[in-house]
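Inside the fold
The residues making up each chain are set out below.
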Amino acid sequence: MTAALFLAHALALLLLPVVIVGVINRVKSLWSGRRGPPVLQLAYDVARLLRKVPVYSATTTPIFRLAPYVVLVTAVVSGSIVPLLGSRAPLSFAFDFVWFAYVWGLGRVALMLGALDTGSSFEGMGASREATYAAILEPALFLVAGALCLSTGQSSFAGALALRVGGGASFVVWFASVVALVIVVQVETARMPVDDPTTHLELTMIHEVMVLDHSGPELAAIEVGAAVKLTVGISLVATLLNPWAGSASWALAALANVALCFVVAALLGCVESLVARLKLRAVPQYILAAIIAGGVALLATMWRTGGEG
Amino acid sequence: MMLPLLVAGPVLILGAALALVLRRNADRALAALASQALATALVLLAVVPILAGGPPLVRAWPWSFPVEVVTLRVDALSAFFLAWSLPMTLLGTVYAVGYLQPYFDAGRNGGPHFALLNMVSLSFLTVYSVQNALVFLLGWEIAAVSAWLLVIWDYGNQRVRFAGFNYLVSTHVGLFVLVAAFMFMHSQTGSMEFQDFGAFLSRPSRGRVIVCALLATSFALKSAFFPFHTWLPRAHSAAPAHVSALMSGVIHKAGLFAFLRFTLLLGRPEEWMGWCVLAFGGLSALFGVLYTSSQRDLKRLLGYSSTENVGIAAMGFGVAYLGLSWDRPELVLAGIAGGLLHLFNHALFKCLLFYAAGAVYRATHTIDLERLGGLLRRMPRTAVMFLVGGLAISALPPLNGFVSEYIVYSGLLAGAAPSRPANVALVCMAALLAFVGAVSALSMTRAFGVAFLGAPRDPSVHVEGDAPPLMLAPMVLHAAGVVVIGVAPGAGLALGRSVCLLFQPRGFELTEAVLTSTLAPMQWACRALAALLLVGCVLGWRQGRRARQHVTWGCGYTAPNARMQYTASSFSSDFLRIFEAFLPQLRREHLPREIFPQEPGHLATHSVDAVERRMLEVLWQGEHFVVQTSERIPEEPRFAFGAGLVALLVIVGLLVVGAVR
């Protein structure tokens with residue numbers, strides 16, 4: 001039973017990223033009146049990139065060559081912590097979200113070092129922005145995770161995300177956590193309104209500008225890593241939204257979770273189509289909103305049990 | 001088993017004496033190294049059984065006035081600190097032989113320097129084992145003065161002399177406060193023995209609060225907590241690399257040792273003390289790490305990061321204080337184990353980073369980040385060492401920094417506080433720690449990325465080749481420690497096991513088995529991550545074998561040069577803009593005007609320490625005030641003025657005494 005669940009988890013981690021990226025892109029193209037690329041375009045792209053020969057800048061060192069694979073491995077490993085299928089995660093232990101956050105941090109550092117290794121001023125600019133926004137975003141994730149842990153009495157991600165909503169205060173915790181997590185996902189995975197994955201102006205990019213020099217299999221590794229990270233982030237929000245998360249009927253939970261992942265992805269696609277990218281100077285304020293939402297969730301935990309006991 | 005410990009002292013003194021009298025630098029180095037190696041072996045012989053759970057070693061001698069009796073007592077806490085302080089000093093001495101070689105070639109006498117390194121080891125033996133306040137102060141002072149003399153190795157340089165003097169004054173302000181605390185306790189107990197101090201400290205009283213405040217101030221100055229850190233960046237940037245490493249990683253841990261020693265004497269602290277320690281640690285971690293993000297001097301950056309890391313350790317100890325006052329043994333265990341392990345980890349990776357920075361300085365004669373670049377190609381071994389240290393200090397798995405921070409997190413997030421507001425406050429501290437970790441990653445990415453990656457920024461900087469074996473060997477050993485504790489945290493925890501038992505509140509028998517079982521899944525997760533990273537990198541490396549080479553894509557611009565790369569200041573400028581209220585920056589600019597500028601423009605930014613700036617301002621204002629006031633004093637009735645001052649002193653003294661009683 002457990003083995004089957006974990007196999008399903010691994011399968012989902014393998015397939016969902018391709019579809020989720022496809023769904024977002026399809027939603028965006030529908031909004032702009034195009035038919036858009038096929039839903040499985042990412043898979044075709046990866047297959048094409050894998051056949052290519054990488055090109056290295058003469059400035060670069062082995063760091064540049066290895067960074068994409070560190071990004072990929074950290075993204076996949078972080079996927080084993082989250083309850084992608086709603087009920088359980090293959091790797092679940094006390095305070096695993098701390099580990100999760102720092103594994104994401106490792107991937108981010110590798111990406112930034114790869115960017116700095118090219119000696120390009122544009123890539124340095126992207127690395128600087130990524131480091132800055134990630135640093136101020138970090139407390140938001142911990143505030144949310146701490147709030148969820150306090151209100152569920154659980155200490156692992158999978159347990160804490162299965163929050164039961166009952167009563168006003170726990171609704172506040174839940175709602176504020178969802179808001180904060182959505183912003184966390186948007187910033188961490190470089191989506192609108194923070195970063196535009198389709199922009200072609202280097203001066204305004206964050207994530208895309210850091211991968212300008214990567215090519216061939218390395219670019220494929222980064223693309224897949226980014227897609228996995230996006231899926232993992234979306235599944236966090238989906239599990240929190242999922243009313244059957246953590247319940248006994250794991251099949252129901254899994255179905256609901258996957259469906260919700262697509263819903264969240266479609267919503268992200270709508271946001272990207274309808275909202276303009278923020279000015280870079282406004283991004284810290286947007287991140288502040290996530291921190292405030294996390295703080296509200298945390299304070300609400302105090303109010304609830306204070307009232308009861 | 002006390003004997004080896006007692007022999008170690010004379011061995012070190014003999015080594016120091018030999019280093020002073022021998023004629024050749026090689027012999028002097030050999031004398032210091034041999035004596036330190038012997039002393040290290042003796043000390044390990046004595047302390048390993050204690051760390052394994054053996055009984056403490058106690059020995060007392062009668063002595064003449066004013067000490068009367070010298071008691072040596074090596075319990076698990078002393079053993080923990082002794083077990084790594086001496087070996088790391090030995091490694092530092094090995095590094096010194098390599099690092100100072102150019103000076104020796106120029107005919108400089110290295111004898112006093114090696115003798116002082118021996119004296120540092122001797123001061124550890126004293127400080128970590130004596131039970132008498134006067135002898136403790138003696139050891140404390142030996143450490144302080146030796147460190148000062150080690151810092152001013154390059155005394156011909158005015159900047160170095162100033163940094164050394166700055167350190168000397170700060171450390172003696174700390175000593176002054178410490179003496180005040182000891183005198184106060186002497187006045188209350190009539191004794192200078194720690195045991196008698198303990199009897200006074202374990203009873204809640206107003207006097208205890210004053211003593212605790214004095215002790216905390218002194219130890220905070222010693223370990224460079226914010227806002228007592230101002231001497232630290234100057235001293236670390238001026239000292240030779242191995243001295244910076246030893247000061248930051250080893251010598252100044254004495255402050256935290258003393259803090260823990262008095263915590264043991266304190267018994268059960270009050271709750272507000274715990275909150276104070278936690279908040280103070282958090283403040284230190286926050287400001288320490290904020291300052292690392294703006295430095296352009298690599299060693300100054302590492303110095304500020306020491307303030308950050310002692311802050312993180314203190315957060316752990318704060319959790320333990322709260323656990324003691326709430327009778328929550330799991331919090332005590334997590335706090336003490338996390339804090340201690342972080343101290344040890346910090347010693348491992350901070351020495352590593354300073355050694356690597358020293359190798360950069362040896363090769364390029366600069367540690368200004370803005371002038372470096374592309375060092376990885378010219379000194380790959382040093383670069384790898386710096387990268388390992390940098391990743392570890394940013395607490396990234398699977399290296400050791402993550403392990404200790406994870407244990408501290410497990411205390412903060414456990415939800416074990418008796419009240420909801422307290423739990424919320426602890427989670428807020430965890431969020432602060434997360435921010436500190438992320439900013440630390442920013443700073444280290446910046447330092448490594450700018451100095452070692454990209455292309456060389458300044459053509460006038462010549463690289464003289466990678467670190468020689470004598471400098472590389474200590475780095476490799478430290479890096480090995482960093483990796484081993486990262487993938488096998490049990491090894492680090494075993495070192496602190498007996499110490500954790502010392503701190504457990506009476507009536508609770510919670511062994512570290514609890515912690516080991518909590519850590520086990522994380523440990524496997526870290527190992528799996530390490531293995532996957534290895535596999536991923538190997539597979540990826542094979543993919544790149546058939547690669548073609550080209551230039552960096554300049555986004556359409558065809559004539560980029562190395563000066564156009566992102567610099568250290570531009571890398572952190574976005575971040576600094578958000579936190580400019582805390583990170584003052586002096587800016588001198590003369591920007592080019594018009595479309596075809598006639599005269600060249602320039603821009604210089606300089607990050608300054610806000611605390612130091614404010615302190616100097618206050619001192620200056622105070623001096624101004626005193627000068628103005630003294631001008632108003634009439635010339636004639638000097639006697640009346642003097643009498644007035646004496647009366648004022650007496651009144652203040654009486655008030656203080658009255659407040660205490």
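Residues numbered from 1 in each chain as written. Chains lettered and ligands numbered in written order. Predicted model: local features only at pLDDT ≥ 70, side-chain atom pairs only at ≥ 80, totals over all residues.

With that out of the way, let us pick up the overall build of chain B. A tally of regular secondary structure across chain B gives 25 helices and five strands. Taking 661 residues into account, the globule formula puts the C-alpha radius of gyration at 26 Å, and chain B, at 26 Å, falls close to it. Its C-alpha atoms give chain B principal-axis dimensions of roughly 80 × 70 × 65 Å. Here chain B holds 661 residues, and the buried ones make up 53% of them. In chain B, the proportion of contacts linking residues at least 24 apart, taken out of those at least 6 apart, comes to 79%. (Helix = DSSP H or I, 4+ residues; strand = E, 2+ residues; numbered from the N terminus. Rg over C-alpha atoms; globule rule 2.2 N^0.38 Å. Buried ≥ 20, exposed ≤ 12 C-beta atoms within 10 Å, placed from the backbone. Contact = placed C-beta atoms within 7 Å.)

Another aspect to go through is the overall build of chain A. Along the backbone of chain A there are eleven helices and one strand. Counted from the first residue to the last, chain A has its helices and strands arranged as α-α-β-α-α-α-α-α-α-α-α-α. The C-alpha radius of gyration of chain A comes to 19 Å, within 12% of the 19 Å expected for a compact globule of 309 residues. Counting only C-alpha atoms, chain A reaches 65 × 45 × 40 Å along its principal axes. In chain A, which comprises 309 residues, the share counted as buried stands at 66%.

Listed by partner, the interface residues are 65 residues for chain B and 67 residues for chain A. Of all elements in the fold, only α16 (375–378), α18 (400–412), α19 (420–452), α22 (513–543), β3 (548–550) and α23 (568–578) of chain B reach the threshold of two or more residues within the side of chain B that touches chain A. Ranked by the residues each element gives to the side of chain B that touches chain A, the list is headed by α19(B), at 18 residues. A breakdown of the residues in the side of chain B that touches chain A according to their chemical character gives 41 nonpolar, 19 polar and five charged. Where strand β1 (residues 55–57) of chain A meets β3(B), three bridges bridge the pair, whose relative direction is parallel. Among the inter-strand pairings, A:Ser57 is bridged to a residue of β3(B), identified as B:His550. (Nonpolar A, V, L, I, M, F, W, Y, C, P; charged D, E, K, R; others polar. Pairing = 2+ DSSP bridges.)

Here the focus is the environment of B:Leu30. Residues and elements named next belong to chain B. With respect to the helices and strands, Leu30 occurs in helix α2 (residues 25–51). With 17 C-beta atoms counted inside 10 Å, the residue Leu30 sits in the partly exposed group. Between the C-alpha atom of Leu30 and that of Gly15, which follows or precedes it by 15 residues, the distance is 9.0 Å.

Turning next to the domain arrangement of chain B. All names here are of chain B. Taken domain by domain, chain B consists of domain 1 (1–211 + 229–245) and domain 2 (610–660). Computed over C-alpha atoms, the centres of domain 1 and domain 2 are 36 Å apart. Between domain 1 and domain 2, the residue contacts involve four residues of the former and four residues of the latter. Its residues assigned to classes, the side of domain 1 that touches domain 2 shows one nonpolar, two polar and one charged. (Domains from an automatic or database assignment.)

Residues and elements named next belong to chain B. Position of Gly496 relative to the elements: it lies in helix α21 (residues 489–503). Residues Gly496 and Phe114, 382 residues apart in the sequence, show an inter-C-alpha distance of 31 Å. Every residue in contact with Gly496, bar those within four places of it in the chain, is listed here: Phe80, Ala337, Leu340 and Leu341.

Residue and element names in this part refer to chain B. Across six bridges, strand β1 (residues 57–62) lies against strand β2 (residues 69–74) in antiparallel orientation. Bridged to Trp61 within β2 is Val70. Between β1 and β2, which pair antiparallel one after the other, the connecting turn spans six residues, and Glu68 there sits at a positive phi close to 70 degrees.

On to the packing of helix α7 (residues 158–189) of chain B against helix α8 (residues 194–201) of chain B. Residue and element names in this part refer to chain B. At a minimum axis separation of 10 Å, α7 and α8 run at an interaxial angle of 80 degrees. Between α7 and α8, the angle falls in the class roughly perpendicular. On α8, the residues that touch Met185, Gln188 and Thr189 of α7 are Asp196, Phe197, Ala199 and Phe200. Residue composition of the contact of α7 with α8, by class: four nonpolar, two polar and one charged. (Axes fitted to C-alpha atoms, helices over the stretch in contact; angles between N-to-C directions. Parallel < 35°, antiparallel > 145°, perpendicular 65-115°, else oblique.)

Attention now goes to the nonpolar core. Membership of the largest hydrophobic core comes to 353 residues, with the highest contact counts inside it found for B:Val151, B:Leu352, B:Tyr355, B:Val427, B:Ala430 and B:Leu433. Each residue touching B:Ala430, except ones within four places of it in the same chain, is listed here: A:Phe142, A:Gly146, B:Tyr409, B:Leu412 and B:Leu413. (Core = buried A, V, L, I, M, F, W, Y, C linked by C-beta atoms within 7 Å.)

Predicted confidence across chain B gives a mean pLDDT of 88, with 98% of residues reaching 70 or more. The complex prediction reports pTM at 0.93, with the ipTM value standing at 0.94. (pLDDT = per-residue confidence, 0-100.)

Residues and elements named next belong to chain B. Taking 1.5 Å per residue as the helical rise, helix α14 (residues 298–326) with its 29 residues ought to reach 42 Å, and the 42 Å between its terminal C-alpha atoms agrees with that figure. Counting buried positions over the 29 residues of α14 gives 28, a clear majority of the element. Just beyond α14, the residue with positive phi is Asp327, at close to 60 degrees. (Expected span 1.5 Å × (residues − 1).)

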